Amino acid sequence: EDQVVNGHDEKENNPFAEYMWMENEEDFNRQVEEELQEQEFLDRCFQEMLEEEDQDWFIPSRDLPQGMGQLQQQLNGLSVGDSHSSEDILSKSNLNPDAKEFVPGVKY
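Residues numbered from 1 in each chain as written. Predicted model: local features only at pLDDT ≥ 70, side-chain atom pairs only at ≥ 80, totals over all residues. Heavy atoms only, no water.

K.L.:
When you look at the overall build of the chain in this model, what are you seeing that I'm missing?
P.N.:
Of the regular secondary structure elements, the chain holds 4 helices and 2 strands. Listed N to C, the secondary structure of the chain is β-β-α-α-α-α in terms of helices and strands. Burial analysis of the chain (108 residues in total) assigns 0% to the buried set. (Helix = DSSP H or I, 4+ residues; strand = E, 2+ residues; numbered from the N terminus. Buried < 20%, exposed > 50% of the residue type's maximum accessible area, 1.4 Å probe, protein only.)

This is how it looks when you write it as structure tokens:
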């Protein structure tokens, strides 16, 4: 049977091993503080990047003058109506239905 001395097995080298980090507590604290500062710096950089990206986007409600917002809403409400049938439009057209298709850069 193993003998127990002061609540620790005799085979255990250093009964205070789990507390050895306290020996260098100042170094440990400095390291943790540096990590926290680095994380805070990265968070600030990321936030600034997001703010710059927001400035690059065109947001009508923010970037257009006040009166333009109402005009924008009116334009959004417009749609192409089906009030005229396609046959009606074609009968009034003065375009040649037999004409060749226009291709830019090609001479006929």
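Text resumes after the structure shown.
K.L.:
Before we go on, may I ask you to explain a negative patch on the surface in this structure?
P.N.:
A cluster of acidic residues, Glu-48, Glu-51, Glu-52, Glu-53, Asp-54 and Asp-56, forms a negative patch at the surface. With respect to the helices and strands, Glu-48 occurs in helix α1 (residues 25-56). A residue is classified by how much of its surface remains accessible, and Glu-48, at 46% relative accessible area, is partly exposed. (Patch = residues over 30% accessible without salt bridge, like charges linked within 9 Å, V, L, I, M, F, W, Y side chains within 5 Å. Areas by Shrake-Rupley, 256 points an atom, 1.4 Å probe, with all protein chains shown as cover. Salt bridge = Lys/Arg side-chain N within 4 Å of Asp/Glu carboxyl O. Lys, Arg positive; Asp, Glu negative; His and termini not counted. Charge placed at Lys NZ, Arg CZ, Asp CG, Glu CD.)

K.L.:
So what exactly am I meant to see when it comes to the pattern of salt bridges here?
P.N.:
When their charged atoms lie close together, side chains carrying opposite charge are able to pair. Considering all chains together, one arrives at 2 salt bridges under this definition. The partner of Arg-30 in a salt bridge is Asp-27, and the shortest N-O contact between them spans 2.4 Å. With Arg-30 and Asp-27 both in helix α1, this residue pair falls 3 residues apart, about one helical turn. Overall, Arg-30 belongs to the partly exposed group, its relative accessible area being 44%. Arg-44 is the partner of Glu-40 in a salt bridge, and the nearest nitrogen-oxygen pair spans 3.2 Å. Pair noted here: Glu-40 and Arg-44 are both in helix α1, with a separation of 4 residues, about one helical turn.

K.L.:
Help me understand a nonpolar patch on the surface, please; the structure alone is not making it clear to me.
P.N.:
On the surface, Phe-16, Tyr-19, Met-20, Trp-21, Met-22, Phe-28, Val-32 and Leu-36 cluster together to form a nonpolar patch covering roughly 790 Å² of accessible area. On the secondary structure map, Leu-36 appears in helix α1. The class for Leu-36 is exposed, based on a relative accessible area of 56%.

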